Amino acid sequence: MATTTKIALIGNPNCGKSSLFNHLTGLNQKIGNFPGVTVDKKMGQCILVEPVNAEIIDLPGTYSLYPKSQDEKVVLDLLLQKNESNYPDAIVVVVDASNLNRNLLLFTQLKELEIPLILALNMLDIAENHGIKINIELLKKELCVPIIGINARSGAGTDRLKAAMLNTTSKSTSVAYFEKLPLQHDVVNKIKSEFKLNNDYQALLYAHHFASLSFLTADEKSKIENWVVETNFNSLSFQAKETVGRYEIINQQLKNAVVNNQNIKIKDRFSSKIDKILTHSFGGYVIFFALLFIIFQAVFAWASVPMEWIDLGVSKLNSFIVSILPASPLVDLLTQGLISGLGGILIFIPQIAILFAFISLLEESGYMARVMFIMDKLMRKFGLNGKSVVPLISGVACAVPAIMATRNIDNLKERLITLFVTPLMSCSARIPVFTVLIALLVPSKPILGIFNLQGMALMSLYFLGFLAAIGSAKVLQLILKSKEKSYFIMELPDYKIPRWKNVGYTILEKVKAFVLEAGKIIIAISVILWVLASYGPSNAVEKAIEKAKTQAISTHLNTAETENLIAAYKLEASYAGHFGKFIEPSIKPLGFDWKIGIALITSFAAREVFIGTMSTIYSIGADNEDEKTIIQRMRAEKNPETNAITYTPALAASLIIFYLFAMQCMSTLAVVYRETKSWKWPVIQFVYMTGLAYVSSFLVYNLLK
Amino acid sequence: MGEKGIVKRFDDEELSLKLLEMGCLPGYEIELIGTAPLGDPICVSVYGYKLAIRLKEANTVWVV
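Nothing here was measured: the structure is a model prediction, and the numbers come from that model.

Caption draft 1: The overall build of chain B, seen in detail. Check the secondary structure of chain B and you find two helices and five strands. Of the regular secondary structure in chain B, the N- to C-terminal order runs β-α-β-β-β-α-β. Over its C-alpha atoms chain B spans a radius of gyration of 11 Å, differing by no more than 12% from the 11 Å that the globule rule assigns to 64 residues. C-alpha extents for chain B along the principal axes are approximately 30 × 20 × 20 Å. Burial analysis of chain B (64 residues in total) assigns 44% to the buried set. Considering only intrachain contacts with a sequence separation of at least 6, the fraction spanning at least 24 residues in chain B is 38%.

In structure tokens, the structure reads:
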């Protein structure tokens, strides 16, 4: 196979890099992982000129090669590994022309690495509006690099950029900056000879970042550490010297090429006028919470229609397969295990898509940065960061993409707290469970004419989940010790009209990530649970079937009723049933019996499986997921010994609280493991959340009993 | 609001690296152009763009 040229896109955040990536690759994008790190790698094919293809790699935005967050570390890590399969043959440095000096800092660092560069000069129109005139020809000479003016929004200039990509790949650029900077140090030479590097700057970067470089062994790291100590290499002051030195050179180089007649002061720009409203001391919050309300409304109201289609489609497909294939355990595995599991994933897609459409719109427009800005002080009180807002909001749809959204939080402690508490936000898998249980507890009564009592109950559960999340964050803030300083230093980009295409790509990306991350686990667990619920020790299941049949004949049940009864007896006799009985003593204090025990266990695939399990246990038929039937059946359930109603308000409340707090999601645990690279956090999270659920349910049950 | 000054020096070396990188350089003008609703963080203009920064961090920057 011919190796295609690999071209990396690198630039500051908000420089228009992602728009350019979307223009270059269109729908030919895929997301992979960089080895050893959790950050997504976005790649896509781009036809430079028929038939020459290039592989474009979109790297996370960064201000320099001195990374702070998980996202930014990827860039440095990749660029220091010449043998890595993703190592680019050339780099397109995307810069915001309206903020050229600051954007060029990263460029001058990349220039040292002897990878061919192309400078894509974006947002020239905005620069011109601000009174900045750039002489591109002169700039090319000063910076010794091919420069292409582009407009990442409209796509103008991408053809010329593609042509430039074809040409530069063979040329190498000379080192231009390092020698002019006061960066010579003994440690550089030592690292250079040890690792056989022929580049001083690369060696210097090793000296700065060795501790976090993924490709160095522990031995190599300690070796570098010794040299750093031996030679008195002061990483902080060297970095400061480098940054200041580079800015000096940049300013010199831009002196003639750029004429800056800033006609409008920043505070008089249109963006600043919008800021006056959106970050207003009172109006700012009103607007934000109104927006949140609209978003939640949309997520629940709009998504319900496609969710019903998916639900209907899956059960239609199942009954179709059952009708054409002869009954066998394999068919059961396919329909009840695999396809039902798949349905359990697909059902969440509408809500995730709608939520991320909004989040992406807010991010694209520049408003999300303002949300972080106005929420930072509030969030900080709870050990969180302004940037924690996005994961917490996303958690209302699904914790899996929400936890992945914590990567741009620079401070490790704040990031950990955020990903720890995010699963306490009520995700969409809890809604069906809440709907059924609230119906048992609260009458459907209108209050004040417009609100429904059950709706209010659901709202208050969301609020309770949020309180639990920030309360837990506060506790963690006090427990976790961190030497790392927490800071919030963030660019507030100018407002822009969002590009629909970018929003579309983001939705696609998030849905894909969810299906791949959560999907495989949900399917696996569904299959395991199916096995546990279908088979039992020795011939217990067969015996149960016989017993059900005898009982059905003696009580004159029809075929459907008989089958439902058989299913109920089968489940009781299965491993899942045994397990439910096994844990019964431990959940008794919460008011739960073994039947609920089974439902708690099956909820590990996804919480909404609760409904299906309940239908099976009460022999309504698992296909019959009509909530009204289940609610009626649960209401009628009586304790066989005392003949008292099983689902008392106390039990319903206790069960609601349990589902609100308990960690019942394997996908979330798996994602937390992936993001933190250890089992420590998932385990603590599981114990904490389940413990919180247990204690709260216990209190609620015994107070209401 | 509207207060401005020239960046002189930094108290916190670690933090200063992030600020330098963001273009908050000694000898350059910095101007307060807004505050978040609760008075913190604040928004300043440096190097031709807007930067949001917590008061605590802003306090490590000496301005004349």
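Caption draft 2: Quick look at the domain arrangement of chain A. All names here are of chain A. Assigned domains within chain A: domain 1 (5-174), domain 2 (180-260), domain 3 (283-428 + 479-500) and domain 4 (501-704). Just the C-alpha atoms count here: the centres of domain 1 and domain 3 sit 29 Å apart. On the side of domain 3, seven residues touch domain 1, which itself brings nine residues to the contact. Considered class by class, the residues forming the side of domain 1 that touches domain 3 number two nonpolar, four polar and three charged.

Caption draft 3: Structural detail: the pairing of strand β1 (residues 4-10) of chain B. All names here are of chain B. Note that β1 and strand β2 (residues 29-35) share three bridges and pair antiparallel. Directly across from Gly-5, in β2, lies its bridge partner Ile-30. Here β1 pairs with strand β5 (residues 61-63) via three bridges, running antiparallel. By the bridge assignment, Arg-9 is partnered in β5 with Trp-62.

Caption draft 4: Structural detail: helix α2 (residues 70-79) of chain A. Residues and elements named next belong to chain A. The element α2 is largely enclosed, with a buried count of 10 among its 10 residues. Of the residues making up α2, those classed as buried are Gln-70, Asp-71, Glu-72, Lys-73, Val-74, Val-75, Leu-76, Asp-77, Leu-78 and Leu-79. The secondary structure elements touched by the buried residues of α2 are β1 (5-11) and α8 (200-209).

Caption draft 5: Expanded view of the sheet that holds β2 of chain B. As summarised here, the arrangement of the six strands in space is β12(A)-β4(B)-β3(B)-β2(B)-β1(B)-β5(B), forming an open sheet in which the pairing is antiparallel. Edge strands, defined here as strands with exactly one partner in the open sheet, are β12 (489-491) of chain A together with β5 of chain B. Each strand of the sheet is rotated relative to its neighbour by a mean of 40°, with strand direction disregarded.

Caption draft 6: Local environment of the interface of chain A and chain B. Taken together, the contacts link 34 residues of chain A with 30 residues of chain B. Elements with a minimum of two residues in the side of chain A that touches chain B: α3 (100-111), α10 (235-257), α11 (270-278), α12 (283-324), α15 (367-380) and β12 of chain A. Among the elements that make up the side of chain A that touches chain B, the one with the highest residue count is α10 of chain A (six residues). In this structure, β12 of chain A lies alongside strand β4 (residues 49-53) of chain B, joined through three bridges in antiparallel fashion. From the neighbouring strand, Met-490 of chain A faces β4 of chain B, where its bridge partner is Ala-52 of chain B.

Caption draft 7: Structural detail: the packing of helix α1 (residues 17-25) of chain A against helix α21 (residues 500-534) of chain A. Residue and element names in this part refer to chain A. Running from N to C, α1 and α21 cross one another at 85°; their axes reach a closest spacing of 10 Å. Considered as vectors, α1 and α21 are oriented roughly perpendicular to each other. In this structure, α1 uses Ser-18, Ser-19 and Asn-22 to contact α21, whose residues at the interface are Lys-501, Asn-502 and Tyr-505. Of the residues that constitute the contact of α1 with α21, the class distribution is one nonpolar, four polar and one charged.

Caption draft 8: Summary view of helix α30 (residues 680-704) of chain A. All names here are of chain A. For α30, built from 25 residues, the straight-helix expectation of 36 Å at 1.5 Å per residue is met to within 8% by its first-to-last C-alpha distance of 36 Å. Within α30, burial applies to Pro-682, Gln-685, Phe-686, Met-689, Leu-692, Ala-693, Ser-697, Val-700 and Tyr-701. For α30, the elements touching its buried residues are α18 (412-421), α28 (649-661) and α29 (666-676).

Caption draft 9: Spotlight on the confidence of the model for chain B. Mean pLDDT over chain B stands at 88; residues scoring 70 or higher make up 97%. Interface confidence for the predicted complex, given as ipTM, is 0.93, next to a pTM of 0.83.

Conventions used here
One numbering rule holds for all chains: residues counted from 1, following each sequence as written. For this description, chains carry letters from A and ligands carry numbers from 1, given in the order in which they are written. In keeping with the predicted nature of the model, local features appear solely for residues at pLDDT of at least 70, side-chain atom pairs appear and are counted solely at 80 or more, and the whole-chain, interface and lining totals rest on all residues. Helix and strand definitions follow DSSP, with helices as H or I runs of at least four residues and strands as E runs of at least two, each counted in order from the N terminus. The globule rule is 2.2 Å times the number of residues to the power 0.38, and the radius of gyration it is compared with is taken over C-alpha atoms. Counting other C-beta atoms within 10 Å of a residue's own tells you its class, since 20 or more makes it buried, 12 or fewer makes it exposed, and anything in between is partly exposed; those C-beta atoms are placed from the backbone. With C-beta atoms placed from the backbone, a contact is any residue pair whose C-beta atoms sit within 7 Å. An automatic or database domain assignment supplies the residue ranges for each domain. Only Asp, Glu, Lys and Arg are considered charged, only Ala, Val, Leu, Ile, Met, Phe, Trp, Tyr, Cys and Pro nonpolar, and every remaining residue, Gly among them, polar. Only strands that DSSP links by at least two bridges are regarded as paired with each other. Here an angle of 0 to 180 degrees is reported between the N-to-C directions of two axes, which are lines fitted to C-alpha atoms, with helices fitted over the stretch in contact. Angular relationships are summarised with four words: roughly parallel below 35 degrees, roughly antiparallel beyond 145, roughly perpendicular across 65 to 115, and oblique for the angles in between. To estimate the expected span of a helix, subtract one from its residue number and multiply by 1.5 Å. The pLDDT score gives, residue by residue, the confidence of the prediction method on a 0 to 100 scale.

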